[in-house]
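Topology and contacts: notes
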Amino acid sequence: MADQTHVLFVEDDDVIREATQLALERDGFVVTAMPDGLSGLEAFRADRPDIALLDVMVPGLDGVSLCRRIRDESTVPVIMLSARADSIDVVLGLEAGADDYVTKPFDGAVLVARIRAVLRRFGHAAGGDRLDEGGSAAPGGVLSFGDLEVDTEGMEVRRAGQPVALTPTEMRLLLEFSSAPGTVLSRDKLLERVWDYGWGGDTRVVDVHVQRLRTKIGQDRIETVRGFGYKLKA
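Residues numbered from 1 in each chain as written. Predicted model: local features only at pLDDT ≥ 70, side-chain atom pairs only at ≥ 80, totals over all residues. Heavy atoms only, no water.

It is worth spelling out the environment of Val164 at this point. Among the structural elements, Val164 can be located in the loop between strand S9 (162-163) and helix H6 (168-178). Separated by 14 residues in the primary sequence, Val164 and Val150 place their C-alpha atoms 9.8 Å from one another. (Helix = DSSP H or I, 4+ residues; strand = E, 2+ residues; numbered from the N terminus.)

Pairing is antiparallel across the open sheet formed by four strands, whose spatial order is S6-S7-S8-S9. Edge positions in the sheet fall to strand S6 (142-145) and S9, since each of these pairs with one other strand and no more. Pairing of strand S7 (residues 148-151) with strand S8 (residues 156-159) involves four bridges; the strand directions are antiparallel. If you follow Glu149 over to S8, its bridge partner there is Arg158. Where H6 meets the sheet, it contacts S6, S7 and S8, and its direction lies at approximately 105 degrees from that of S7. (Pairing = 2+ DSSP bridges. Contact = heavy atoms within 4.5 Å. Axes fitted to C-alpha atoms, helices over the stretch in contact; angles between N-to-C directions.)

Attention now moves to H6. Counting buried residues along H6, 11 of its 11 residues qualify, which places the element largely inside the surrounding structure. The complete set of buried residues in H6 reads Pro168, Thr169, Glu170, Met171, Arg172, Leu173, Leu174, Leu175, Glu176, Phe177 and Ser178. (Buried < 20%, exposed > 50% of the residue type's maximum accessible area, 1.4 Å probe, protein only.)

Attention now moves to the packing of helix H4 (residues 88-95) against helix H8 (residues 204-217). Between H4 and H8, the least distance of the axes is 9 Å, while the angle of their chain directions is 35 degrees. When the axes of H4 and H8 are compared, the crossing they make is right-handed. Here Val90, Val91, Leu94 and Glu95 of H4 lie close against H8, whose contacting residues are Arg204, Val205, Val208, His209 and Arg212. The residue inventory of the contact of H4 with H8, partitioned by class, reads five nonpolar, one polar and three charged. (Left-handed = near helix turned anticlockwise from the far one by under 90°. Nonpolar A, V, L, I, M, F, W, Y, C, P; charged D, E, K, R; others polar.)

Our focus in this paragraph is the pattern of salt bridges. Tallying each qualifying case throughout the model produces 17 salt bridges. The shortest N-O distance in the salt bridge between Arg17 and Asp14 comes to 2.7 Å. Highlighted residues: Arg17 and Asp14, both in helix H1 (residues 14-26), separated by three residues, approximately one helical turn. Residue class for Asp14 comes out partly exposed when judged on its relative accessible area of 44%. (Salt bridge = Lys/Arg side-chain N within 4 Å of Asp/Glu carboxyl O.)

Laid out in structure tokens, this is it:
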């Protein structure tokens, strides 16, 4: 996978940008590295990379705004890079459409693992195997939940007969819920199954994606079970 994967990396710190680019290239990735948001947007439009790594604090066009611009045009996976794990920037990046985030300073091996995890789940959501490593298989056919229809074969969603545009991460999240309607799924379990986390992760990633999914399929379709997690109303 890696030797065919094109990464757009936007980072204004010269040392971090050059060191990270070299580390990714050693792992076989093709990297386009840009120092600011505007040049990053131009490179995205020109090269159409397979994944984008965006630092939150870059000049010209900040990483959150750049993520929104990319998400307006594409469902390409986006990982935000933030220097502060507790920063509101993390949530803003996820709300802008990012699929995951990594806190700086980061280990190169960890970053590569997160990139590969994102690419694996995007491949599945785009129509590959419907059985996740360590996850559950979505049943085949069209599943109906009120006015919501989930086509698990065609990877399409309709609400009241109208198509609903989901990112691959949102689609995988909905597939997990629709494979077990009425069953409470914990945030940790969703991190493991949807984000492919074999280690502890930030549950804010789950909460923000659930909220984004609710805005598309109906606010009352996914119920919060306080202290436990979420469930899809059957």
